[in-house]
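# Fold and geometry: a report
Chain residues, written in single-letter form:
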Amino acid sequence: MMIKTTLLLFVFTLILLACKEENPVVEPDVIDIIEPDDDEQEEVDDSNIILRELKEGIFLRCDSLKDSYNLDEPLSAIVYLENKSNEEGLHIVIGNFPPYLSWRITDSNNKLIIAEPSIIGFIDYEDSLKVGEILSESLSWHHHIWDPNDIYSGLKAYSGIYDLRISFRGVDNGLDPYLTKKIEILEDGEPLSGHLHRYHDAKDSINYDFILRNRITKDIELTASESPSFIYFFDDSEQDTVFTHSFQLENQKYKLSGHSDTIITEFRYPKQYFLDSNINGAFDIIIVLNFVERQIINRKLFFIL
């Protein structure tokens, strides 16, 4: 297989700094909103393979896409482009360096939930897929949604029916190089996801809202504990807590309606206070909310500059 590249102009990399979350040990009476292990892989199930013949002897297929997933079960699959018997081969030209895949998920109202890739390098890529050659790339979705107001959203998609469309980039559009799959997110599993949303337009203060999403159709009620909740800043490099803020939840009861987002608490603090206290640089902001029913922990990387 031949790869021809032109002069590399520059590589633009979007780093999702905000997606760093902790994976703490969960006590029996504590439920943390954490990420699944990235190493989790689904076993291949032949009954879930979707296949399209792009031209004679050249096939696009995807393994292990199930019809339904639990709330905390990642969608994971591998997409293959294979030339089984076509002597002419398949010409592939991409206006930037791989990944080859471009995929998106929309809801039942055709609203965009997420689209990938989010990292693109500016370079020409040309390839020829010969007989017996296979290109493959993995696809993984942990149910996170695209948020136009934030680089990264910790919120996850509601339960319901979604459409997945996978495109193999660089292949002649006349060949219709797409795979489609309808999937369902069930209501089994952890129903809550949380997000610390920072208002970056507030230049003179550190402003965060903690948003709690009820992903299922059934209402969820939470009762504030007598124990205080708190927010703290943790310096990961020094393994040190540099700031702690304790508070009581404003309401005694919180009713999280089905398929809704609720701002549980707000954090507002003058930026100058931290600068005067020599607290600047990169930190993890960690929020711990104490409810009678459970304790909720959320973590996000942020900067004070």
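The rules behind these values
Residues numbered from 1 in each chain as written. Predicted model: local features only at pLDDT ≥ 70, side-chain atom pairs only at ≥ 80, totals over all residues. Heavy atoms only, no water. Pairing = 2+ DSSP bridges. Helix = DSSP H or I, 4+ residues; strand = E, 2+ residues; numbered from the N terminus. Axes fitted to C-alpha atoms, helices over the stretch in contact; angles between N-to-C directions. Salt bridge = Lys/Arg side-chain N within 4 Å of Asp/Glu carboxyl O. Buried < 20%, exposed > 50% of the residue type's maximum accessible area, 1.4 Å probe, protein only.

### Structural notes on the sheet that holds strand β11 (residues 134-141)
In spatial order, the strands read β2-β3-β5-β11; together these four strands make up an open sheet with antiparallel pairing. Here the strands that pair on one side only, and so sit at the sheet edges, are β2 (50-55) and β11. With direction set aside, neighbouring strand axes in the sheet form an average angle of 15°. Sheet topology places strand β3 (residues 58-63) next to strand β5 (residues 75-83); six bridges connect them, and they run antiparallel. Bridging across to β5, C62 finds its partner in V79.

### Let's talk about the sheet that holds strand β18 (residues 240-247)
Taken in spatial order, the four strands of this open sheet run β18-β17-β21-β22, and their pairing is antiparallel. Looking along the sheet, the strands with just one partner apiece sit at the ends: β18 and β22 (295-304). On average, each strand axis in the sheet is inclined to that of its neighbour by 20°, with strand direction left out of account. Bridge count for strand β21 (residues 281-290) against β22 is ten bridges, and the pairing is antiparallel. Pairing of I285 across the sheet is with K300, part of β22.

### Section: the pattern of salt bridges
Considering all chains together, one arrives at twelve salt bridges under this definition. Across the pair D63 and R61 runs a salt bridge whose closest N-O atoms are separated by 3.2 Å. Classification of D63 by relative accessible area gives buried; the value is 6%. Here D284 makes a salt bridge to R299, at a shortest N to O gap of 2.7 Å. With D284 in strand β21 and R299 in strand β22, this pair connects stretches of sequence that are 15 residues apart. For the pair formed by D284 and R299, the shared burial category is buried. Through salt bridges with shared partners, a single ionic network connects D209, E266 and R268.

Nothing here speaks to function; it is all geometry.
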